[in-house]
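# Geometric and topological summary
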Amino acid sequence: MDEFLPQKDGYRVAVVGATGAVGQTMLEILAERNFPVSEIIPLASSRSAGSTIEFRKREYTVQDLATFDPKGVDIALFSAGGSTSLEYAPRFAEAGCYVVDNSSAWRMHEDVALVVPEVNPHALELARQNRIIANPNCSTIQMVVALKPLHDLVPIKRVVVSTYQAVSGAGGKAIDELARQTGQLLNGQSAEVKVFPARIAFNVIPQIDVFMDDGYTKEEHKMIDETRKIMEADIAVTATTVRVPVFYGHSESVNVTFESELTAEQARLALADAAGICVVDDPSGEDYPMPSEAAGTDPVWVGRIRNDYSFQNSLHLWIVADNVRKGAALNAVQIAEILISRT
């Protein structure tokens, strides 16, 4: 793969949506991974412009995205919503910048790369045409990271996934709602519902995003369509996405059917050797991945790996990851690292 950006000591990096949870995490990860930044440019809407953020122990003033000139920016990490990305990502790309977008706006465009670095880095070649790269849905990312090493051993025919998704996936107001409702209920008060369609504290909501005409939610369609695009395979996928009262860390119960036999032990060994994955799977010690432990970490955690005796050539997996880090910010920074690498 030829280099995307010329080699130099540092790059001008813009973070669009720098004051949000994902934007702030992008800044943290850029610093943690020593990304060669010559200039960091925090951008946000006019409401947040003028506020400050910290990067590498220095304060920077957030600039207004609407009036910013993107000329000279090398890479822009977008996490500011679909409508913002549709309007501004092409402007940055036309100015010669590579855009890594965390919204759903560009994911299913045929001419836009949808990339998980551990799974399909070669798809970035598509970005040479329009310089826009899509970050997949957070729940899709962690699932395909775990599926790819198994698919490489034995092709996957079908995936059935049920998710247990943290409230942070719905933003800061959702985090506040879970905290507020928990306090209200513990103090004998009624829970005030604002963000979710129902009370989230001490509850489970089998709806993420809006319902479509076929009875699936938009989130479920994202998982179905994105998985097939990223894996570049005609895999049958069905999903049920559920919001649970957890602050950080998405969990998934995944049932996988292969074209031929793949044992649990073979799967366990393949996953243990795969990049970006940590296997925690010791039933005798009641050891398995949990969102409370995955929160704040980078890997995709996999456990409860076992044969499905009810259906031929099938396995069960339990997959957990920090939805803000690997599910969004880290994946975007990993893409940026490929853009500046010499291979």
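Further up the page is the structure itself.
Residues numbered from 1 in each chain as written. Predicted model: local features only at pLDDT ≥ 70, side-chain atom pairs only at ≥ 80, totals over all residues. Heavy atoms only, no water.

## Some words on the overall build of the protein chain
On a plain count of helices and strands, the protein chain comes out with nine helices and 15 strands. Relative to the globule expectation of 20 Å for 343 residues, the C-alpha radius of gyration of the protein chain, 20 Å, shows essentially globular dimensions. Dimensions of the protein chain, computed from C-alpha atoms along their principal axes, come out at roughly 60 × 60 × 40 Å. Taking all 343 residues of the protein chain together, the buried fraction comes to 51%. The long-range share in the protein chain, meaning contacts at least 24 apart out of those at least 6 apart in sequence, stands at 66%. Here the protein chain displays about 15,200 Å² of accessible surface, and carbon together with sulfur accounts for 48% of that area. (Helix = DSSP H or I, 4+ residues; strand = E, 2+ residues; numbered from the N terminus. Rg over C-alpha atoms; globule rule 2.2 N^0.38 Å. Buried < 20%, exposed > 50% of the residue type's maximum accessible area, 1.4 Å probe, protein only. Contact = heavy atoms within 4.5 Å. Areas by Shrake-Rupley, 256 points an atom, 1.4 Å probe, with all protein chains shown as cover.)

## What about helix α7 (residues 264–273)?
Those residues of α7 that sit buried are Ala-264, Ala-267, Ala-270 and Leu-271. Seen end-on, α7 carries its buried residues on one side only, within an arc spanning 130 degrees. Of the exposed residues in α7, those oriented more than 90 degrees away from the buried face are Leu-269 and Asp-273. (Arc of directions from axis to C-beta.)

## So, the pairing of strand β14 (residues 300–307)
The pairing of strand β13 (residues 277–279) with β14 spans three bridges and is parallel. Along β14, the bridge assignment pairs Cys-278 with Trp-301. Pairing geometry for β14 and strand β15 (residues 314–321), over five bridges, is antiparallel. Bridge pairing in β15 links Asn-307 to Leu-315. With antiparallel pairing between neighbouring strands as the criterion, β14 and β15 make up a hairpin whose turn holds six residues, including Asn-313 at a positive phi of roughly 60 degrees. (Pairing = 2+ DSSP bridges.)

## Here we look at helix α9 (residues 325–340)
Maximal helix bending in α9 amounts to about 35 degrees, located at Asn-331. Of all 16 residues that make up α9, 15 are buried, and the element is covered over most of its length. (Bend = angle between axes of the 7 residues up to and from the residue.)

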